[in-house]
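# Structure assessment
Next come the chains, spelled out residue by residue.
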Amino acid sequence: MPIVPDVPAGGDLDDHDRGAARLSGPLFRDEMPQEPMPSEPPEPSAPQPRSQRKQQRQKKQAGRDLRAAIGVGVGLGAVIVASLFVVKAVFVGVIAVAVVVGLWELTSRLQERKGIKAPLVPLAVGGAAMVVAGYVRGAEGAWVAMALTALAVLVWRMTEPPDGYLKDVTAGVFAAFYVPFLATFVALMLAAEPDGPQRVLTFLVLTIVSDTGAYAVGWRFGKHKLAPRISPGKTREGLLGAVAFAMGAGALCMQFLIDGGSWWQGLLLGLAVAVSATLGDLGESMIKRDLGIKDMGTLLPGHGGIMDRLDSLLPTAPVVWLLLVLFVGAG
């Protein structure tokens, strides 16, 4: 999951620190009205130490605690890499845990903001089973688990009154597809022999590099908004940065990490990742604006919730899996 710190004002990764949809008043930082002048001048306060002023400036620029964000990101990266190259089954467990937590965040926000009660129990059990089935039985196992999970959602919701049944089960099926089913493609990549871990590492590196390129170029050169109604911080220049960074990283990864891969295939892979990761960011931004929330959760200090870190990864996983299958085979 991307470990890049969230975007400062004018940056280009996502709109986490810009609030969500307008409710009773403006929630976006760039839409906040000017504060009225106080009737009386405030009392002078004692000067703050230089280190404290520097830390406050960093938080104001980024909208989050950068130290916490970097620390959490490094910790998550260490857990992922260690489990990926030590025991594959452990990494499958990491995916399953991330899926269950992501489903809990998504269903909780749906209930809080929209009154939609997508049944969490069948989603969590089915989601974890979906990931395991994908790793053990391949794409066929993932599709079967997805179908059974959708059926379980329909049946589970029948135990409650019929009011709202249709919207609840619709949200449940959407959640099953959006979180565990898309995450299952990471397990499919991991199951490839003999370079499964390298395929997953390529997927993670390209997504992170794409986000980093969008942030760096957008923050420095971004002037033209990409999708101002969805994510005011994203710029066209940032998208070009994501494409350039991801294509360069893709060429290196395909040449040196993937068995039978070639640099030109990496260029195409990087281009596809930059597009899918950007669309993933925009998609979750759209969901959060509709829900009127800033983050999906608060589990990860400096990052928000698990879903706030999976937004670009989830839609990118099937894209990378498919292109790797086309380029070098299923393994």
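First, a word on scope: everything that follows refers to the structure included in this document.

Below, the discussion takes up the pairing of strand β2 (residues 231–235). Within a regular beta strand, the side chains point alternately toward one face of the sheet and then the other, so they alternate between its two faces. Most of β2 sits out of view: 5 of its 5 residues are buried. When strand β1 (residues 225–227) meets β2, the two strands line up antiparallel, connected through 2 bridges. Considered in β2, the bridge of Ala227 is made with Ser231. Counted between consecutive antiparallel strands, the loop separating β1 from β2 contains 3 residues.

Here we take up the pattern of salt bridges. The tally for this structure, following the rule as stated, stands at 7 salt bridges. The closest approach of N and O atoms between Arg157 and Asp168, which form a salt bridge, is 2.7 Å. Residue Arg157 is located in helix α4 (residues 120–157), and its partner Asp168 is located in helix α5 (residues 165–190); the two are separated by 11 residues in the primary sequence. A relative accessible area of 2% means that Asp168 is categorised as buried.

A separate point is the packing of aromatic side chains. Counted under the stated rule, the structure contains 6 aromatic pairs. Here Trp264 and Phe327 contribute two aromatic rings whose centre-to-centre distance is 6.1 Å and whose plane-to-plane angle is 70 degrees, an arrangement assigned as edge-to-face. With Trp264 in helix α8 (residues 263–291) and Phe327 in helix α10 (residues 313–328), the pair connects residues that are 63 residues apart, well separated along the chain. Residue Trp264 is classed as partly exposed on the basis of its relative accessible area of 43%. By way of ring pairs, the aromatic residues Trp143, Phe177, Phe181, Phe185 and Trp321 are connected into one cluster.

Right, let's get into the side chain of Thr202. On the secondary structure map, Thr202 appears in helix α6 (residues 196–221). At 2.9 Å, the side chain of Thr202 and the backbone oxygen of Gln198 are in polar contact. Sequence-distant contacts of Thr202, defined by excluding residues within four places in its chain, comprise Cys253, Leu257, Ile258 and Leu269.

Attention now goes to the packing of α6 against α8. Their axes nearest at 9 Å, the elements α6 and α8 cross at an angle of 65 degrees. Between α6 and α8, the angle falls in the class roughly perpendicular. In this structure, α6 meets α8 at a crossing whose hand is right-handed. Facing α6, whose interface residues are Thr202, Leu206, Thr207, Ser210 and Asp211, α8 presents Leu269, Val273, Ala274, Ala277 and Asp281. Class assignment of the residues belonging to the contact of α6 with α8 gives a composition of 5 nonpolar, 3 polar and 2 charged.

Here we take up unusual backbone geometry. Look at the link from Glu193 to Pro194: it is a cis peptide, with omega at 5 degrees. Tracing the sequence through the fold places Pro194 in the loop between α5 and α6.

What counts and how
Residues numbered from 1 in each chain as written. Predicted model: local features only at pLDDT ≥ 70, side-chain atom pairs only at ≥ 80, totals over all residues. Heavy atoms only, no water. Buried < 20%, exposed > 50% of the residue type's maximum accessible area, 1.4 Å probe, protein only. Helix = DSSP H or I, 4+ residues; strand = E, 2+ residues; numbered from the N terminus. Pairing = 2+ DSSP bridges. Salt bridge = Lys/Arg side-chain N within 4 Å of Asp/Glu carboxyl O. Phe/Tyr/Trp six-rings, centres within 6.5 Å; stacked < 30°, edge-to-face > 60°. Polar contact = N/O pair within 3.5 Å; in protein donor to acceptor, adjacent residues only side chain to side chain. Contact = heavy atoms within 4.5 Å. Axes fitted to C-alpha atoms, helices over the stretch in contact; angles between N-to-C directions. Parallel < 35°, antiparallel > 145°, perpendicular 65-115°, else oblique. Left-handed = near helix turned anticlockwise from the far one by under 90°. Nonpolar A, V, L, I, M, F, W, Y, C, P; charged D, E, K, R; others polar.

Without other data, these values stay purely geometric and don't point to any function.
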